[in-house]
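# Residue-level structure breakdown
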Amino acid sequence: MFPMAACKRFCSSKAQNSNEYSHKNHGNSTRNGYQSNVESLLNISAKVVAENIPFQRIEERYDRIPEPVQSRIVYWSFPRNERDICMYSSYANCTNKDNCESQKLPFYQGIKLLDNSAVESVLQIGFHLSGTVTEPANPLYSEPEKKYPVSISFDRCKITSVKCGCGNKDIFWCQHVVALSLYRIRKADMVQLRVPISETLLQMNREQLQKFAQYLIAEHHTDVLPTAQKIADQILQSSSEINRLPGAPDPTAGASVDDDNSWHLDEDQVREQVRSFLSQGGYLNSCNQLNSMFAKVREMLRARDSNGARMLTLITEQFLADPRLAVWKTQGTPMSDKCRQLWDELGALWVCVVLNPRCYCHEKEQWRELLEQWTSNSVCPLEDADGRHVVDIPQTRGLLQAIGSDNSSMRPRPRTVFQHALEACRLTWHHPHLQAVISQGFGHRRDTSHPLLFDDQGQPLWKEHLPTACARVDALRSHGYAKEALRLAVAIVRTMKQEQRFNQEKYADLQRDIVSANPSMSTCGSRSQTTVSSTGWVGHPLNPISVLFDTLLEPCIIRDENTADWNARMYNSESQTSSPMRYQHMSEGLMSGETYLTLAVEAVLMGLGQQRIMPSGLYTQDKACKQEERLLSWLQNIPLDPVLAKVIQKQATMLLEGGPMSGLGIGIHPESYPMHTFARFLFSSLLGVDVQLAYLVGMRAMRLPVLENTDEVNLDNGLNNVGSAILSRFPRWFILSHVEAHQCELASTLLAASKSDTGRLRRVLECAQQHIHSSSQLFKLAQDAFKIATPSDGPKHMPALNAAFELGLQVMRMTLMTLNWRRREMVRWLVTCATEVGVQALISIMQNWFQLFAPIEATSTVATTVVSRATMDQLNLSYQQHEELATCARSLALQCATKDPQNCALCALTLCEKEPVAFETAYQIVIDAASHVMNSIQLFTIARYMEHRGYPHRAYRLALLAMKNLHLAYNQDTHPAINDIHWACALSHSLGKTELANMLPLLVKNVQCATVLSDILRRCTLTAPGMASTDGKRRTIKLLSYDKQPLRQLMEATIYAYINTTHSRLTHISPRHYGDFIEFLTKARETFVLAQDGHIQFAQLIENMKLVYKGKKKLMYLIKERFGL
């Protein structure tokens, strides 16, 4: 007997878990196919031997093994559980067989082939199974029916190698391998069974062996003839290697004693697929595929399959070979969040691997060496995704010495993502108390004499660094030790509760001592000197609170056919269940009043309520925030019954009185992680149970110390505060806007709940005004309060409306001197809110406008809206109230116009136009400011308004002032003020010759653009001046002459402007502009001929051009052709 070895590692056998595809009667049938009531001793023994002992060892132990015994051992050596086949042919936790995507997986495709009788010619020879699987034709793609030969080798209930003619290239086995495997499991008695081929050969004589060999060669001569000749030559050489070895290999005889016993895993395909997914960058599909591979590793670990660690090793090697790592390091840029999350999961998986409670010492040493090798890789990512090397500057060195560093010149080696796994390599499971906790569980003897090991009720505790202890729980669960994990989780939560009580009592004693030493000292604002953990439980790389919650909650799930696999939810945060989970209180083995559900909730409440420093980097801050939100979402999915309500009530009280260890305690650290989101959950849960406690929690959590007190720098924490002390007074909270949004949501929740209690509403409002420092969030809170106060289906709620108005006033004061892109919206909203409050609110904001608004806001938005018809109709005012508002608006307008006439004068005139005295005052303000503050555009705008309102002479005066401030060069023929100039001249002309005579000198002085002047010149002769005069005098309708004043001056200025413009344009003219220049000269001649000697002047201009620009022959030719000169 000479088995062919395959070098694989040892893997402990899997638990026999049945599933819907397991053959229920498998192993109990007789030769006649009838069910046996009692299984034979031969079958029982063969099952155990087949699963645990290599067949070679049996052959070495016994000289002769009866064929029936051999047959039974070979029979039971094939895997018996379909979950094993499913694990290697589908994604992890793929339990929903009706899902459309699941139907595409090889496992379900294989079931379909089996159900369609596609498996045939099945033959088992020893430890080798072969058969043919027929793939049906696919008319849609014009694919014919195909037959694929499949061969499977197995040993000790594990498939060790597979081969299929379809040429599948995937980490999953193909559907043909699945179909043949399931055929062997479900229809084992229908499979032809033969002993290993070597046993058959032993029964043949020389002649039979020769005939066997020759027939085999003849049957497959094209494939095996060269190999057969080579082997024959080696056998005929006495000194050949093949003759020095006893016996010959037999692929059907199973593995040798020295071989590892592992399931078939195509390592090359694992490497290729990981490399392929990494090359796709951070795309969602590739990240999901890699997460599925991680889930597959966890599934293998849970099945206690050695391929879990093997597959994780292959994945890690490809991750470290990712070329992007070197690029990111060289460029100093952080990796993407998706990629970082994959690395975090990789590190957590290695912690589970090395913490395997059944791991041998030599295996753990191998993992340690491998992890150290990866850690020493220069591109291995750091544990802190945003970590940077500390620059060695004198200030830093001095501060490090000041806080007591033993060797400030020594820089610590940066921690990599594998650091926790390396530390876990040093952990053992040999502690007697730990062994007692996880093995004896809740039957552990009660003992109150050891406070470090047992609580006051004698229940076992486990005091260890919480993330480390929870890593043990995760490792136990990951390797299939669910009961042991549950026992340890219970002990850990009890330990957390004991430490919480101890810290509360210690803090209460400290406060009493302070008060007794100094009765006048208040303890409300004292800050504890206790060191606050810089790495909290929530946001920790090992996610300890989630591990405890998942472990304790799992036995409480009410399972039915619609309940998804709990492990899918645990290890895949993206998974969605078709129906919500249902839970029940389970208290088996627990103390009275305890259930696994209450312990799970308590663990989360204590974790979320722990006072912890905000992490330093963007990724770690975002990670802590997401972990908190995920935990809260899980809590919210648990129905709140009276038992859980009591637990939350108790924990809320403990957290309020918890002192420095609680994020809801008094005197927290300035950089403490805020409790807004957590407190909002507590408030909503407690509101129907204990209203007073709910509001205490909500208002205590409203604070945001990082924005309220940055003067004190506490160096007691050592290196944790070096960055804050040296680099900046203000720590870098990258998620500050997110935090402030949650703070606003908490305040809004409190306001909505306190609407019916005026006193409580006032306290909540004051608390929000004290602690919310973001104007945008305060504005959002004001809007929320306004919506609460003005429901669409009910009456106004005036206390809430007043609160919204008060918040709006605070927003106006905060943003008055700062830039805010929502400022205009804020102003409009405040006016709307004040309108809802009433007349006095509108009067108040107008009387105190300088504290709330800029002058232009007060006039253009506030006052204009207040006196609008829509506002008046909405308020339904009396005449007296209407006049009071109008008077207040006019007063505001005049004040604003005095302070900012440029922007407010026109609005002031508009608001005061119905009150002559106020209107005259506003007009005088404009006149006074015209010479030194206002520009021509502003003056023209007001002048046009005056004309429109029927004050032409006032408009004329303003137009004169505007013309004094205006200057138009010769080439500014598209200036925006040209229309205003035309309007001013037309106004002057309409008022009379005198007014026009006063306007034209200013025009000639300040406007050099020939086309503008020529247009005005012509318009002044179209009608007689004074046609629009309102002085009541009779006027002679007589047109003005170009040769007499006032137009003569304008004529001369126009001709002079044309001459200057002509020379200016000729200086830089190019041939492509000749056509435009000829058209310009044509318009100029039309103006020249209006004068008495205009023809002569134009001819002189042309002659001068010919003399000066005689080199431009083409241009001169075009001029002569057009003008004949």
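Residues numbered from 1 in each chain as written. Predicted model: local features only at pLDDT ≥ 70, side-chain atom pairs only at ≥ 80, totals over all residues. Heavy atoms only, no water.

### Looking at the overall build of the protein
The condition that has to hold: Helix and strand definitions here come from DSSP, where helices need a minimum of 4 consecutive H or I residues and strands a minimum of 2 consecutive E residues; each element is numbered from the N-terminal end. Whether a residue is buried, partly exposed or exposed follows from its accessible area with a 1.4 Å probe, protein chains only, as a fraction of its type maximum: under 20%, in between, or over 50%, in that order. It only takes one pair of heavy atoms within 4.5 Å for two residues to be counted as in contact.
Secondary structure assignment for the protein yields 51 helices and five strands. In the protein, which comprises 1125 residues, the proportion classed as buried is 49%. Partitioning the contacts of the protein with sequence separation of at least 6, the portion at a separation of at least 24 is 73%.

### Observations regarding the sheet that holds strand 3 (residues 146-155)
Across a sheet, paired strands are connected by hydrogen bonds in the backbone, their directions being either parallel or antiparallel. Quick note on the threshold: We treat two strands as partners when DSSP finds at least two bridges between them. In this analysis, axes come from line fits to C-alpha atoms, helices being fitted only over the stretch in contact, and the angle between any two N-to-C directions falls in the range 0 to 180 degrees.
Within the open sheet, the five strands sit side by side as 4-3-2-1-5. Their pairing is mixed. Each edge of the open sheet carries a strand with a single partner, namely strand 4 (158-164) and strand 5 (192-194). Ignoring which end each strand starts from, the neighbouring axes of this sheet average 20 degrees apart. One ladder, built from six bridges, connects strand 3 with strand 4; its direction is antiparallel. When the sheet's bridge partners are listed, Ser 153 is paired in strand 4 with Ser 161.

### Quick look at a nonpolar patch on the surface
Worth spelling out the cut-off: Each patch groups residues whose relative accessible area exceeds 30% and which form no salt bridge, using 9 Å between like charges and 5 Å between nonpolar side chains of Val, Leu, Ile, Met, Phe, Trp and Tyr. Under the convention used here, a 1.4 Å probe and the Shrake-Rupley method define accessible areas, while residue burial counts only the protein chains that appear. One speaks of a salt bridge when a side-chain nitrogen belonging to Lys or Arg is within 4 Å of a carboxyl oxygen belonging to Asp or Glu.
A grouping of Ile 231, Ile 235 and Ile 242 is seen on the molecular surface, where their side chains present a nonpolar patch of about 230 Å² in accessible area. Relative to the helices and strands, Ile 235 resides in helix 9 (residues 221-236). Given the relative accessible area of 48%, Ile 235 is considered partly exposed.

### A word on the packing of aromatic side chains
For the record, the criterion: A pair of Phe, Tyr and Trp rings is counted when the ring centres sit within 6.5 Å of each other, with Trp represented by its six-membered ring. The angle between the planes then sorts it: under 30 degrees is stacked, over 60 is edge-to-face, the rest tilted. Whether a charge lies above a ring is judged from NZ of Lys or CZ of Arg, which has to be within 6 Å of the ring centre and within 35 degrees of the ring normal.
Considering all chains together, one arrives at 24 aromatic pairs under this definition. Ring centres of Phe 319 and Trp 343 lie 5.4 Å apart, and the angle between their planes is 80 degrees; on these two criteria the pair is classed as edge-to-face. Of this pair, Phe 319 sits in helix 13 (residues 307-320) while Trp 343 sits in helix 15 (residues 337-354); the two residues are 24 residues apart in sequence, bridging distant segments of the chain. Of the two residues, Phe 319 and Trp 343, neither departs from the other in class, the shared state being buried. Ring centres of Trp 374 and Phe 418 lie 5.6 Å apart, and the angle between their planes is 45 degrees; this geometry places the pair in the tilted category. With Trp 374 in helix 16 (residues 361-375) and Phe 418 in the loop between helix 17 (394-402) and helix 18 (419-425), this pair connects stretches of sequence that are 44 residues apart. Both residues of the pair, Trp 374 and Phe 418, belong to the buried class. The structure contains a cluster of three or more aromatic residues connected by ring pairs, namely Phe 294, Phe 319, Trp 343, Trp 350, Trp 367, Trp 374 and Phe 418. Lying over the aromatic face of Trp 76, Lys 47 brings its terminal NZ or CZ to 4.7 Å of the ring centre. Between the NZ or CZ atom of Arg 822 and the centre of the ring of Trp 821, over which it lies, the distance is 5.8 Å.

### Regarding the packing of helix 28 (residues 691-701) against helix 32 (residues 758-771)
As a reminder of what qualifies: Throughout this description, any angle smaller than 35 degrees is read as roughly parallel, any larger than 145 degrees as roughly antiparallel, any in the 65 to 115 degree range as roughly perpendicular, and the remainder as oblique. Note on convention: the crossing is left-handed when the near helix lies turned anticlockwise from the far helix by less than a right angle, right-handed when the turn is clockwise. When residues are grouped by polarity, Ala, Val, Leu, Ile, Met, Phe, Trp, Tyr, Cys and Pro land in nonpolar, Asp, Glu, Lys and Arg in charged, and all others, Gly among them, in polar.
In contact at an axis separation of 11 Å, helix 28 and helix 32 are set at 15 degrees when each is read in the N-to-C sense. By the angle between their directions, the pair helix 28 and helix 32 is classed as roughly parallel. Handedness of the helix 28/helix 32 crossing: left-handed. Contacts between helix 28 and helix 32 involve Val 691, Gln 692, Tyr 695 and Met 699 on the former and, on the latter, Arg 760, Arg 763, Val 764 and Cys 767. The residue inventory of the contact of helix 28 with helix 32, partitioned by class, reads five nonpolar, one polar and two charged.

### Comments concerning helix 33 (residues 775-789)
Short version of the rule: How far a helix is expected to stretch is found by multiplying one less than its residue total by 1.5 Å.
A rise of 1.5 Å per residue sets the reference length of helix 33, with its 15 residues, at 21 Å; its end C-alpha atoms lie 21 Å apart and thus fit the reference within 8%. Helix 33 sits mainly inside the fold: 12 of its 15 residues count as buried. The complete set of buried residues in helix 33 reads Ser 775, Gln 777, Leu 778, Phe 779, Leu 781, Ala 782, Gln 783, Asp 784, Ala 785, Phe 786, Ile 788 and Ala 789.

### Examining the packing of helix 50 (residues 1094-1108) against helix 51 (residues 1113-1123)
Running from N to C, helix 50 and helix 51 cross one another at 160 degrees; their axes reach a closest spacing of 11 Å. Considered as vectors, helix 50 and helix 51 are oriented roughly antiparallel to each other. Along this stretch, helix 50 crosses helix 51, giving a crossing that reads as left-handed. Contacts between helix 50 and helix 51 involve Phe 1098, Ile 1102, Met 1105 and Lys 1106 from the first element and Met 1116, Ile 1119 and Phe 1123 from the second. Of the residues contributing to the contact of helix 50 with helix 51, the split by class is six nonpolar, no polar and one charged.

### So, the pairing of strand 2 (residues 128-135)
Inspection of the sheet shows strand 1 (residues 119-125) paired to strand 2 by five bridges, in the antiparallel sense. Note on strand 2: the bridge partner recorded for Leu 123 is Ser 130. As judged from the eight bridges shared by strand 2 and strand 3, these two strands associate in the antiparallel manner. Along strand 3, the bridge assignment pairs His 128 with Ser 153.

Note that every value here comes from positions in space, so none of it alone points to a role or purpose.
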